[in-house]
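# Structure at a glance
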Amino acid sequence: MSNNKHLTLDDRITIEKGLSNGACLKAIADTLNKDKSTILKEIKRHVKIVPRNIYGKGKGTYDCTHIADCGYNTYCTKICENIQKIGCKRKDKVSGVCNGCDIYHSCKLDKKIYEASRAQKEYEEDLHSLREGRDITYSEAQKLAAILKPLLLKGQSIAIILSNHSEIPYCEKTIYNFIEDGVFSPFGIDNLSLRLKVKRKMTKKKKNLYKKREDRRYLKERTYDDFEKYVASHPYQDIVEMDTVYNDVTNSPFIQTFQFTKYNLMVGIYHKEKNAKSMYEGVKIIHNLLGHDLFKKYLAIILTDRGSEFTMANEIESLGSKIFYCDPMASWQKPHVENNHRLLRCICPKEKDLYALGLKGQDDLDLIFSHINSYGRGSLNDKSPIEVFKFFEPKSQLLERLHIKEIDPDNVTLTPDLIKK
């Protein structure tokens, strides 16, 4: 077998061509001098989901085993919760991909495809993430140095220290790399601290020594491309854009905003902390206020940015939403919430202490969004988001449950005076 553990772009192209030509995994593996399991892991790791064909804006499906039983020919025009997807007998039983299928373009089922260029791009992104900084924080390095230093001063080797301290989660080579890179320098450990004084120069590269590797697994099948495909196959589901507004990254308040794009309606949740747990709790608060059925209806799809505070994707989706993330530095991909922040900033201006200004809790925030949502917009033919929502959803309890009240147009205030105590 090849000693090169990483697949190259040429290797991935070979895999794609092999799948398209109907070659088995063993034949592809033998061609690349790799193990069969390596090829299978590569395919499953980078498989691309292609939604079934959607003609026009139909809300039904071709992909259900009960279509004939329900009295339809090949296409069901209804939205049904009891859809049972048709199993494809043409897919490769091992890899499960549709490469090389002779009816790929006419097939009406969901498809799985392996693309070499896409797989290479995902691989490079993962590799960049893994190589960014050392996988240790400052506090972790400090605790580890407290164990190593006194034993090194006694003349013990790294190997012996590790054998006597099973709580240290790093191998001998990793510890030596940390020492050479200067990770323990602030705590008095360098190459000269070793029992055998290593005669290697200290590296000058000391940036991001304590930066934890960023875990980007939450982005899998939740990118903006995935969002566009999902919306195309679910055109009638409501979309909510989510963001965070604050003036001081170290001090509260932090405002978690939710923009219901269909109605231009915005609500917010007040936070004292800006982290992933608190933002998940914010979504959970909305869920508890609305109830599960209303939550699934109005927050079926959530689109947000890649801020570290929005990484609890699995937990958020467990509440009943489907969450997706914009591309890096692409705020224009969620324009509704960004534009509506301008009105929020009229009441909560930048570079001001919002707490001292009067924003001290959820009640103040509900008051702010009651006024913002009662303000007429030219884009809505001078109607307010509340008026638009009530027109389309006259019997809905969403506004009441989210504590949003309609303000008389002449009493709408969009200045800091609204919350000044």
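Before going into details, it helps to say that this report is about the structure given with it. (Residues numbered from 1 in each chain as written. Predicted model: local features only at pLDDT ≥ 70, side-chain atom pairs only at ≥ 80, totals over all residues. Heavy atoms only, no water.)

## Here's the deal with the pattern of salt bridges
Applying the stated criterion to the full structure yields 15 salt bridges. R222 is the partner of E317 in a salt bridge, and the nearest nitrogen-oxygen pair spans 3.1 Å. Separated by 95 residues along the polypeptide, E317 in helix α11 (residues 313-317) and R222 in the loop between α7 (172-180) and α8 (224-233) bring together distant segments of the chain. One exposure class covers both E317 and R222, and it is buried. Across the pair E309 and K274 runs a salt bridge, and its minimum N-O distance is 3.5 Å. On the criterion of sequence distance, the pair formed by E309 in the loop between β6 (301-304) and α11 and K274 in the loop between β5 (265-271) and α9 (276-290) is long-range, its members being 35 residues apart. (Salt bridge = Lys/Arg side-chain N within 4 Å of Asp/Glu carboxyl O. Helix = DSSP H or I, 4+ residues; strand = E, 2+ residues; numbered from the N terminus. Buried < 20%, exposed > 50% of the residue type's maximum accessible area, 1.4 Å probe, protein only.)

## Comments concerning the side chain of H341
Examined against the element boundaries, H341 turns out to sit in helix α12 (residues 335-347). In this structure, H341 is in contact with D243, V245, T257 and M266, ignoring residues within four places of it in sequence. (Contact = heavy atoms within 4.5 Å.)

## Observations regarding the packing of α12 against helix α14 (residues 362-373)
The packing of two helices is summarised by the inter-axis angle and the distance between the axes. Direction vectors running N to C along α12 and α14 enclose 125 degrees, while the axes themselves pass 10 Å from each other. Our classification of the angle between α12 and α14 gives oblique. In this structure, the crossing between α12 and α14 has a hand that is right-handed. Together, N340, L343, L344 and I347 of α12 and I368, F369 and I372 of α14 make up the contact between the two elements. Residue composition of the contact of α12 with α14, grouped by class: six nonpolar, one polar and no charged. (Axes fitted to C-alpha atoms, helices over the stretch in contact; angles between N-to-C directions. Parallel < 35°, antiparallel > 145°, perpendicular 65-115°, else oblique. Left-handed = near helix turned anticlockwise from the far one by under 90°. Nonpolar A, V, L, I, M, F, W, Y, C, P; charged D, E, K, R; others polar.)

## Concerning unusual backbone geometry
Cis peptide bonds are those with omega within 30 degrees of zero, and the linkage from S252 to P253 qualifies with 10 degrees. Within the secondary structure layout, P253 lies in the loop between β3 (239-245) and β4 (254-260). Even without a glycine there, the phi angle at E221 is positive, about 65 degrees. Along the chain, E221 turns up in the loop between α7 and α8. Overall, the relative accessible area of 44% leaves E221 in the partly exposed class. Backbone geometry places D382, a non-glycine residue, at a positive phi of 65 degrees. Along the polypeptide, D382 turns up in the loop between α14 and α15 (385-392). Among the residues examined, D382 registers a relative accessible area of 61% and is labelled exposed.

Bear in mind that shape data such as this cannot, by itself, settle questions of function.
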